[in-house]
Amino acid sequence: MLKAVVIGPRGKMGRLIVKSLYERKNAQIVGAVAPKGADYVGKDVGLLCGLGKEINVKVTDDIESVIEQCNSIIDFTFPAVSLEVLKHAVSHKKALVCGTTGFKREEKEEFIKASQEIPIVFAGNTSLLINHVYKVLEYLAQNVGNYADIDIIEMHERFKKDAPSGTSLEMREVLKKALPDKNVNIHSIRGGDVPSTHKIIFNLLGERLEITHHATNFQCFADGAVQAAEYLLSKKNGFYTMKEVFGIF
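The rules behind these values
Residues numbered from 1 in each chain as written. Predicted model: local features only at pLDDT ≥ 70, side-chain atom pairs only at ≥ 80, totals over all residues. Heavy atoms only, no water. Core = buried A, V, L, I, M, F, W, Y, C linked by side-chain atoms within 4.5 Å. Buried < 20%, exposed > 50% of the residue type's maximum accessible area, 1.4 Å probe, protein only. Helix = DSSP H or I, 4+ residues; strand = E, 2+ residues; numbered from the N terminus. Contact = heavy atoms within 4.5 Å. Salt bridge = Lys/Arg side-chain N within 4 Å of Asp/Glu carboxyl O.

**Describing the nonpolar core**
A general tendency of soluble globular proteins is for nonpolar side chains to be buried together. In this structure, Ile17, Leu21, Val45, Ile74, Val97 and Val121 are the most contacted members of the largest nonpolar core, which totals 42 residues. Looking at this core, the elements with two or more residues in it are strand E1 (2-7), helix H1 (12-23), strand E2 (27-33), helix H2 (45-48), strand E5 (95-98), helix H7 (219-232) and helix H8 (242-246). In terms of residue count, H7 provides more of this core than any other element does, eight residues in total. In contact with Leu21, other than residues within four places in its own chain, are Leu2, Ala4, Val6, Ala27, Ile29, Ile74 and Val226. Formed by 22 residues, the second largest nonpolar core is a distinct cluster that contains Val30, Cys70, Val90 and Ile120.

Printed below as a string of structure tokens:
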């Protein structure tokens, strides 16, 4: 059974991850960790996250008080928080799903290094369809990429702090593996309450291909994150992506 600690349970992703865990038969929420001194510390996470009932799990601001009860940690917060969570996960040998974005290259390297000691899923996007889009981009890059001008346009809510998005960066990484010398431009738009939209344009002479993914809410990301945590239950130490979680090869 998955026994999870959720980091940042009052955030937009934290709330939905709690909901997704609660609705799964073989999953249990054993802890929820808030920032130090948050005004909701001590509250029942079920009431905090809109489940409509208490689930006998109180929010804490001390990860050390709950980490031994879990077999996986799910974290969608901010880079500084996630790097601290990583240290605790390594210290206690707990699996970690990290969907935080906005890391610097050297910060991402910390997760790669830590994967020698614990199993980690590190993902800029945990939705099923986006990870299939990555596979389509891989094919297109290999077969028509040399003939195309390639642009990525991404739109997110006004409150998203990082730009470009982690998803856009992962898309460009997929494309650059096949096209290392190709310039792939990313255009970021922040406004309103758009959950997530990504459009990839392959412009050729006389024709154009556009691939667009819309997330109409954030639940797809939460469900994917919980699926990733379940996936890690049977895995040895290593650095995994959602491609492995969803079986996309």
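**Regarding the pattern of salt bridges**
On inspection of all chains with the given rule, the structure shows 13 salt bridges. A salt bridge links Glu157 to Lys12; the nearest nitrogen and oxygen atoms lie 3.0 Å apart. Residue Glu157 is located in the loop between strand E7 (149-156) and helix H6 (166-178), and its partner Lys12 is located in helix H1; the two are separated by 145 residues in the primary sequence. On the basis of relative accessibility, which here comes to 11%, the residue Glu157 falls in the buried class. Looking at Lys12, the relative accessible area reads 44%, which means it is partly exposed.

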